[in-house]
Amino acid sequence: MAKTYKLLIVDDEPRLRQSLASLLKDQGFDISLSDSGRTTRELLKKNAFDVALLDLFLPDVSGQQIMSEILEKTPDTLVIIMTGYATVDSAVNALKNGAYDYLQKPFEPALLTHTVQNALARKTLASENRDIHHKLAASKRDYQYLVENSPDIIYMLDPDGRFTFVNPSIKPLTGLAPDQVIGRHYSALVDEHLADSCQWVFNERRTGSRAKQWNELEMRTFESSGAPRKQVLYAELQSTGIYQQTASPDAPEYMGTHGVIRDITQKKITERKKRKIKAQLQRAEKMEVVGTLASGVAHDLNNLLSSVMGYPELLLMDMAENDPHRDYIEQIKKSGEKAAVIVKDMLTLARRNRPAEDIFSLDTVITDCLTGTEYSKLRENHPQIKYHINLNS
């Protein structure tokens, strides 16, 4: 729906007022008429006009005074001066005081219509410019708010890789305030051994889909004094080149890099925990397989050990104490008992029970070893080796 513009006509000549009103009313204006300064002031109290046609010479107040009052109350009103006593000086003074244009009576209707239409076009353009300015200002405030309150680090580098802008999020993530980073090279935030590999990550020159997407890197952290800390910031970074058009469309000027750095330290910690849990699960599954195997083996060995341990016991019952074969039978019995302990441990492993802990005398263990067949066989095979044993018991 087209806007209806409000027009004020101020002139002390009744016929001219009516003629102007008739001419402009057909063009869709909402017209108010005044024949004096007093009437004009009353109309200004109730209305704000888009355009005012004002005679400089009124019966009670000068047109210059009324124009000043109009512009003071509604600065956006465009005032077009009309007078039959036009001089160069009066025209210049009116324009200096804020008049949009100046018409000398008598004037052609086409000139009046053209002047009013030009005034409205200027007013519309000024209104659109104000709207655009307000929208840009609001957009700038919104963008500034988003940048300053973003949890991610947002930065800009010059062509040499030095920071020209960084948002406040760099402080809680790296320990450095923005003013401690501006002017420094990006390599100050990464370990020396990573500086070369980060060159095309931090200082990306490509744009659009050609630029690298979310590269992971390790960044240094600092004390508030600027001294480096051992703690590492795990981050992912995305950046793009900034270019300015030049006279040659195919050769834009490289202005630097714009990028975003996102903290993924917690993500890395979570991934480590997941890997650790997965490894524990895999070990548990392996132990379950080993336990099942050990259970089967242990049951089979138990069946064999019942004979290995039972028959030596029967033989010893019928054997004299000085029987030369008695020691061998006792060794068989002891070996069976040791094997029974191993089988018991295997069953404990299969059932995922905690092995029983006990206190043993090391001397007892060594004595059992020295009286075993393995030791006897070792001495027979290596008679040249001399053994010196000193035990407390």
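Just above, that's the structure.
Positions within a chain are numbered from 1, following the residues in the order the chain's sequence is written. Per-residue local features are limited, in this predicted model, to residues with pLDDT of at least 70; the limit for side-chain atom pairs, both in listing and counting, is 80 or more; totals at the level of whole chains, interfaces and linings are taken over all residues. With hydrogens and water excluded, all non-hydrogen atoms of the structure serve as input to the side-chain values.

Asks: Could you give an account of the overall build of the chain, naming the residues involved and the relevant values?
Replies: If you tally the helices and strands in the chain, you get 12 helices and 10 strands. Taking 2.2 N^0.38 as the reference for a compact globule, 393 residues should give roughly 21 Å; the C-alpha atoms of the chain span a radius of gyration of 51 Å, well beyond that estimate. Overall, the chain is about 160 × 40 × 40 Å in size when its C-alpha atoms are taken along their principal axes. Classification of residues uses two cut-offs on accessible area relative to the type maximum, computed with a 1.4 Å probe and protein chains only: under 20% is buried, over 50% is exposed, and between them is partly exposed. The buried share among the 393 residues of the chain stands at 33%. Any pair of residues with heavy atoms lying within 4.5 Å of one another is described as a contacting pair. For the chain, the share of sequence-separated contacts (at least 6 apart) that also reach a separation of at least 24 residues comes to 56%. Helical segments are the DSSP runs of H or I of at least four residues, strand segments are the runs of E of at least two, and each set is numbered from the N terminus. Values of the radius of gyration come from C-alpha atoms, whereas the globule rule sets the reference at 2.2 Å times the count of residues to the power 0.38.

Asks: Give me the lowdown on a negative patch on the surface, citing residues and values where you can.
Replies: Residues form patches when they are more than 30% accessible in relative terms and have no salt bridge. Like charges link within 9 Å. Nonpolar side chains (Val, Leu, Ile, Met, Phe, Trp, Tyr) link within 5 Å. Here the Shrake-Rupley method, with its probe set to 1.4 Å, supplies the accessible areas, and only the displayed protein chains count as covering residues. The term salt bridge refers to a pairing of a side-chain nitrogen on Lys or Arg with a carboxyl oxygen on Asp or Glu at a separation within 4 Å. In this tally Asp and Glu are treated as negative and Lys and Arg as positive; neither His nor the chain ends contributes. Just so you know, the charge point we use is NZ for Lys, CZ for Arg, CG for Asp and CD for Glu. Residues Asp12, Glu13, Asp35 and Asp60 make up a contiguous surface patch of negative charge. Note on placement: Asp35 falls in the loop between β2 (30-34) and α2 (37-46). With a relative accessible area of 36%, Asp35 lands in the partly exposed category.

Asks: Provide a residue-level description of the packing of α2 against helix α3 (residues 63-73), including the pertinent values.
Replies: It is the contact of α2 with α3, at a shortest axis distance of 11 Å, that shows an interaxial angle of 5 degrees. Here α2 lies roughly parallel to α3, going by the angle between them. Facing α2, whose interface residues are Gly37, Thr40, Arg41, Leu44 and Lys45, α3 presents Gln65, Ile66, Glu69, Ile70 and Lys73. Here the nonpolar group is Ala, Val, Leu, Ile, Met, Phe, Trp, Tyr, Cys and Pro; Asp, Glu, Lys and Arg are the charged ones; every other residue, Gly included, is treated as polar. Here the contact of α2 with α3 is composed, by residue class, of three nonpolar, three polar and four charged. Each axis is a line fitted through C-alpha atoms, taken for helices only over the stretch in contact, and angles between the N-to-C directions span 0 to 180 degrees. Note on angle classes: values under 35 degrees are labelled roughly parallel, values over 145 roughly antiparallel, values of 65 to 115 roughly perpendicular, and the remainder oblique.

Asks: Explain the pairing of strand β1 (residues 6-10) to me, and be specific about the residues and the numbers.
Replies: Each regular strand carries side chains that alternate between the two faces of the sheet. The buried fraction of β1 amounts to four of the five residues, a majority that puts the element mostly inside the structure. The pairing of β1 with strand β3 (residues 51-55) spans four bridges and is classified as parallel. What sits directly across from Ile9, in β3, is Leu53. Two strands pair under a simple rule: DSSP has to find at least two bridges between them.

Asks: If you had to explain the nonpolar core to someone new, which residues and values would you point to?
Replies: What we call a nonpolar core is a set of buried Ala, Val, Leu, Ile, Met, Phe, Trp, Tyr and Cys residues that are connected through their side-chain atoms within 4.5 Å. Within the largest apolar cluster, 23 residues are counted, with the highest numbers of intra-cluster contacts made by Tyr155, Phe163, Phe202, Leu217, Met219 and Ile261. At the level of secondary structure, the elements contributing two or more residues to this core comprise β6 (153-157), β7 (163-166), α6 (170-174), α8 (199-202), β8 (215-222) and β9 (228-244). In contact with Met219, not counting residues within four places along its chain, are Thr174, Leu189, Phe202, Val232, Leu233, Ala235 and Ile261.

Asks: Describe the sheet that holds β9, naming the residues involved and giving the relevant values.
Replies: Pairing is antiparallel in the open sheet, where five strands are placed in the order β7-β6-β10-β9-β8. Two strands lie at the open edges of the sheet, namely β7 and β8, each paired on one side alone. Adjacent strand axes in the sheet meet at a mean angle of 35 degrees, parallel and antiparallel pairs treated alike. Bridge count for β6 against strand β10 (residues 253-263) is five bridges, and the pairing is antiparallel.

Asks: I'd like to hear about the environment of Pro168, residue by residue, with values.
Replies: Among the structural elements, Pro168 can be located in the loop between β7 and α6. Residue Pro168 is classed as partly exposed on the basis of its relative accessible area, which comes to 39%. Excluding residues within four positions of it along the chain, Pro168 makes contact with Glu148 and Pro178.

Asks: Before we move on, can you summarise the packing of aromatic side chains with the specific residues and values?
Replies: To pair, rings of Phe, Tyr and Trp, with the six-membered ring standing in for Trp, must have centres within 6.5 Å; the planes then decide the type, stacked if under 30 degrees apart, edge-to-face if over 60, and tilted in the middle. Tallied over the entire structure, the rule returns two aromatic pairs. Plain terms: the ring middles of Tyr155 and Phe163 are 5.8 Å apart, the flat faces sit at 70 degrees to each other, and that makes the pair edge-to-face. Grouping residues by exposure puts Tyr155 and Phe163 together as buried. Sitting above the plane of the Phe49 ring, Lys6 keeps its charged end 5.7 Å from the centroid. By definition here, charges over rings are those cases where NZ of Lys or CZ of Arg is within 6 Å of the ring centre and within 35 degrees of the ring normal.

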